[in-house]
Structure formats: C-alpha cells, structure tokens
Amino acid sequence: MMNPIKQSSFKGQATWSGLLFGIGLMALVDEIIFHQLLQWHHFYDWDTPFIGIMSDGLLNAFGLFALVAGLFMFTDLRRRSTISLRQWTSFVFIGLAGFQLFDGIINHKLLQIHQVRYNVDILPYDLAWNIFGVILLTIGLMLLYTGKRSRGSN
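First things first, this report covers the structure right here in the doc. (Residues numbered from 1 in each chain as written. Predicted model: local features only at pLDDT ≥ 70, side-chain atom pairs only at ≥ 80, totals over all residues. Heavy atoms only, no water.)

### Regarding the overall build of the chain
The line we're drawing: A helix here means a DSSP run of H or I that spans at least four residues, while a strand means a run of E at least two residues long, and both kinds are numbered starting from the N terminus. Only protein chains enter the accessibility calculation, which uses a 1.4 Å probe; a residue whose area is less than 20% of its type maximum is buried, one above 50% is exposed, and one in between is partly exposed. Per-residue accessibility takes into account occlusion by the displayed protein chains alone, with areas from the Shrake-Rupley method and a 1.4 Å probe.
Looking only at helices and strands, the chain features 4 helices and 0 strands. Tracing the chain from N to C terminus, the helices and strands come up as α-α-α-α. Buried residues in the chain amount to 40% of all 154 residues. In the structure as shown, the chain presents an accessible area of about 9200 Å², 71% of it carried by carbon and sulfur atoms.

### Observations regarding the packing of aromatic side chains
For clarity, the cut-off: Between the rings of Phe, Tyr and Trp (Trp by its six-membered ring), a pair exists once the centres lie within 6.5 Å; its type follows the angle of the planes, with under 30 degrees stacked, over 60 edge-to-face, and the other angles tilted.
For the structure shown, the criterion picks out 6 aromatic pairs. Look at Phe34 and Trp129: their rings are 4.8 Å apart centre to centre, the planes differ by 65 degrees, and that puts the pair in the edge-to-face class. Placement of the pair is Phe34 in helix α1 (residues 4-37) and Trp129 in helix α4 (residues 122-152), with a sequence separation of 95 residues. Neither Phe34 nor Trp129 differs from the other in exposure class; each is buried. Feature note: the residues Phe34, Trp40, Tyr125 and Trp129 constitute an aromatic cluster, connected by ring pairs.

### Some thoughts on unusual backbone geometry
At Gln112, a position not held by glycine, the phi torsion is positive, near 50 degrees. Phi is positive for Asn119, which is not a glycine, with a value near 60 degrees. On the basis of relative accessible area, Asn119 is assigned to the exposed category, the value being 83%.

### Some details on the environment of Phe74
Stated formally: We call two residues in contact when some of their heavy atoms are within 4.5 Å.
The residue Phe74 is located in helix α2 (residues 49-80) in this model. The exposure class assigned to Phe74 is buried, which follows from its relative accessible area of 17%. Sequence separation between Phe74 and Ala14 is 60 residues, and the spatial gap between their C-alpha atoms is 6.8 Å. When near neighbours in sequence (up to four residues on either side) are disregarded, Phe74 contacts Ser17, Ile83, Leu85 and Trp88.

So, in structure tokens, the structure goes:
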C-alpha cells in the first residue's frame, strides 16, 4: 500500500499539473487567436504599440512556461503510474476556465488593461467570453464530481 503522505503529494501534483496545463493552454490560445491572428487587442493596450507587443510576449512566455511545467509534472505522474486521467482532465478544464474568467472579469472589467475588442458593442463579446469560461468550469467540476462519485462507489 502507498504511503498516505506520498499519495497526498501526488494528488497535489496532479491538481497543479492540470491547472498549469489548462491555464497555459488558454493563455496561448488567447494570445494566438485574439492578439496575433485577429489583432483585436494586446495584453496591455493603454500605452505604445511597443509596450502592447512586449506585454503580449510576456503573456506568451507565461503561457508556454505554465504549459511546459504542467506537462513535465504530468509526465512524472504518468511515469510513476500515480495519476487519474479523469481527475487531471478535470483540473485542465478548471485551469482553462480560471484563465478565461480571470481575464474576462479581472483584466477586462476591474483592471481594464484591455477589452476583448474595440469600437463595437462590447456586451456580446463580454458575455460570450465569460459564458465560455463558465461552461469550461462546469465541465471541469462535473468531471471532478463524477470521478469522485464513481471512485466512492467502488
């Protein structure tokens, strides 16, 4: 039987691995689609274009670091055969949602460092952005809950 302390640390590592991977993935999706391809905004829009592009680079670096860190942790857990893929996937969805909702609520509305898009009616964009985050969070919590429930019935 596995040491309970080690089991607990592996669960924590699985949680952080999924969260980091999800946060990093969503940061990169946001950066690639909305910042680079559509060019709707920069991470920080209230200065020169140089600062906007530099802030995008920092967001890219953060997203890539989080994604790679999450993958390294995941690989270690897989090597040790101490991970539930369902639990890990639930935390990936929670991480995706965490980034999306933090960006939509904190960055867009509270700090106002950028908006989803400019020179349009912003309400539909804000609603779509945050509703998508809530959907991702719901999926993550449902996976986590149903995984715990099915483990409890065995």
